[in-house]
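# Residue-level structural notes
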Amino acid sequence: MPQPTLVLVHEPEKACFDRLVADGYPAERALEISSYLAQSTDLAPEFGMLAVACETRGLAFTAVELDDAALLLAKADPATTLVWTLTDGIAYFRGGAAPAMARLNGLRTIGADDSLFALCQDKFRSGAVLGALGLPAPPAGLARNGEWLVEPPASSAGWFVKPNRLGAKIGIWPDSRIADLGHALELSRRVFAHYRDDVVVQPYVAGRNVRASFLGLKPETGVEALGVFFVDSGGDFQTMADSMALYGETGQAAKDAGTYAEPELEPVGSRQPAADRKIRAIAQRLIGGLGLRDVFSVDFRVEADDTVHLIEFEVCPGLPCFDFRDYCRREWGMNLADAMAETAANRLRS
């Protein structure tokens, strides 16, 4: 009988960078955009550890780059293959094709279905869906190159502007929190010129940044295993420069130069237990109403009075990032490789 196999599909930074440059992006912009895929760069040195962790559980392990995935998945055995998509994307990144290819070939997957891979990469559309589910997501306007497509709601606290289809803080600058909507249109022109993207303009919400991480080590794992932490980076919000200094090749250079500084993590439940309970209830609604499963993360802002604002969710959280590694250690008592291998083994046995 064929050996059960975990297939990890990932899109490398260089493949994305080369494609963007070929499409006419300046090298500097292509480097910024492709930095979103830094988790592929950061996890690649641990593929050997993943293979060993899988082997001890009776599994084979194969890491495949996205451009080679179609051929490999077409030949895979549906009875013994599990596909884990490491990097997502529908616009600048293409990893969202991997769960669709798996479904096309009748293969089981870790994570949400491919419709959510598309939804979470469009902040305006996903915000509309979250609002329709009655979840506390800030309403949003949408602008393209200096023109309103949808005007944002009034806000006495000002607004926050971010690209619609880019993650990892790409296109978020120190002036992304604004006091007048004229500046929002100026930022939309800058984002369009740099990245050819629209911007989402939301009322600014106060509070501390919170990351909720989830890995369903066993199929029956519920929100009791959600890791809910304040993320303190020393500022009100992280910028693109902050993000690039943490991950991938740029982050490694920062480590080598001694300028690398991870944000601090603090359990929300130890300081604001009511907010922690609200976040777990929201996560349960996302699981039941939206279809999140297996592995995901959700970003929040939490005010001192326990008001919770749902900012966005990710179906491909940054597994090798400091916060997810910390979550695996605290919740599951495992390093990342063992946590991934154990999750895969439990799915392939079920």
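Above this text is the structure in question.
The model shown is predicted, which means the values in this text are computed figures rather than measured ones.

### With respect to the packing of aromatic side chains
Geometry of an aromatic ring pair is reported as the spacing of the ring centres plus the angle between the planes. In the structure shown here, the tally under the stated rule is six aromatic pairs. Here Phe47 and Phe61 contribute two aromatic rings whose centre-to-centre distance is 6.0 Å and whose plane-to-plane angle is 55 degrees, an arrangement assigned as tilted. With Phe47 in helix H4 (residues 47-55) and Phe61 in strand E2 (residues 60-65), this pair connects stretches of sequence that are 14 residues apart. The exposure class of Phe47 is buried, given its relative accessible area of 15%. Measuring from ring centre to ring centre gives 4.9 Å for Phe214 and Phe296, while their planes differ by 20 degrees; the resulting arrangement is stacked. Placement of the pair is Phe214 in strand E10 (residues 208-215) and Phe296 in strand E13 (residues 295-302), with a sequence separation of 82 residues.

### A closer look at unusual backbone geometry
With a phi close to 50 degrees, Asn145 is a non-glycine residue in the positive phi region. Tracing the sequence through the fold places Asn145 in the loop between strand E5 (141-144) and strand E6 (147-150).

### As for the side chain of Gln121
For Gln121, the location among the structural elements is in the loop between helix H7 (114-119) and helix H8 (123-132). Residue Gln121 is classed as buried on the basis of its relative accessible area of 6%. At 3.2 Å, the side chain of Gln121 forms a polar contact with the side chain of Asp88. For Gln121, the contacting residues outside a window of four places in its chain are Tyr36, Asp88, Gly89, Ile90, Phe93, Asn164 and Arg165.

### Quick notes on the pairing of strand E14 (residues 308-314)
Taken across its seven residues, E14 has six buried, putting it largely inside the fold. With six bridges connecting them, E13 and E14 associate as antiparallel partners. Pairing of Val302 across the sheet is with Val308, part of E14.

### Let's talk about the pattern of salt bridges
Scanning all chains against the criterion turns up 25 salt bridges. Where Glu11 meets Arg94, a salt bridge forms, and the shortest distance between an N and an O atom there is 3.3 Å. With a gap of 83 residues between them, Glu11 in the loop between strand E1 (5-10) and helix H1 (13-22) and Arg94 in the loop between strand E3 (81-85) and helix H6 (97-104) connect regions that are remote in the sequence.

### Some remarks on the packing of helix H5 (residues 66-75) against H6
Packing of H5 against H6 brings their axes to within 10 Å, and their N-to-C directions diverge by 5 degrees. The orientation of H5 relative to H6 falls into the category roughly parallel. Contacts between H5 and H6 involve Leu66, Ala69, Ala70 and Leu73 on the former and, on the latter, Ala98, Met101 and Ala102. Each residue belonging to the contact of H5 with H6 can be placed in one class, and the counts come to seven nonpolar, no polar and no charged.

### Quick word on the environment of Val231
Within the element layout of this structure, Val231 appears in strand E11 (residues 227-232). Considering only alpha carbons, one finds Val231 and Asp299, 68 residues apart in sequence, at a separation of 9.9 Å. In this structure, Val231 is in contact with Asn209, Arg211, Pro263, Glu264, Leu265 and Phe322, ignoring residues within four places of it in sequence.

### Brief notes about the nonpolar core
Formed by 62 residues in total, the largest nonpolar core has its most connected members in Leu8, Trp84, Leu215, Ile279, Phe300 and Phe313. Top contributing element to this core by residue count: helix H15 (residues 336-349), with eight residues. Among all residues touching Trp84, those that are not within four sequence positions of it are Leu6, Val7, Leu8, Val9, Ile110, Leu215, Val295, Leu319, Met340 and Thr343.

### So, helix H14 (residues 322-332)
All of the buried residues along H14 are Phe322, Asp323, Phe324, Asp326, Tyr327 and Cys328. Where H14 is buried, its residues meet E10, E11, strand E12 (264-267), E13 and H15.

### Focus: the packing of H4 against H15
Where H4 meets H15, the axes come as close as 8 Å, and the angle between the chain directions of the two elements is 45 degrees. Judged on the interaxial angle alone, H15 and H4 are oblique. Handedness of the crossing formed by H4 with H15: right-handed. Across the interface between the two elements, Met49, Leu50, Ala53 and Cys54 of H4 pack against Ala337, Asp338, Met340 and Ala341 of H15.

Thresholds, definitions, all that
- Residues numbered from 1 in each chain as written.
- Predicted model: local features only at pLDDT ≥ 70, side-chain atom pairs only at ≥ 80, totals over all residues.
- Heavy atoms only, no water.
- Phe/Tyr/Trp six-rings, centres within 6.5 Å; stacked < 30°, edge-to-face > 60°.
- Helix = DSSP H or I, 4+ residues; strand = E, 2+ residues; numbered from the N terminus.
- Buried < 20%, exposed > 50% of the residue type's maximum accessible area, 1.4 Å probe, protein only.
- Polar contact = N/O pair within 3.5 Å; in protein donor to acceptor, adjacent residues only side chain to side chain.
- Contact = heavy atoms within 4.5 Å.
- Pairing = 2+ DSSP bridges.
- Salt bridge = Lys/Arg side-chain N within 4 Å of Asp/Glu carboxyl O.
- Axes fitted to C-alpha atoms, helices over the stretch in contact; angles between N-to-C directions.
- Parallel < 35°, antiparallel > 145°, perpendicular 65-115°, else oblique.
- Nonpolar A, V, L, I, M, F, W, Y, C, P; charged D, E, K, R; others polar.
- Core = buried A, V, L, I, M, F, W, Y, C linked by side-chain atoms within 4.5 Å.
- Left-handed = near helix turned anticlockwise from the far one by under 90°.

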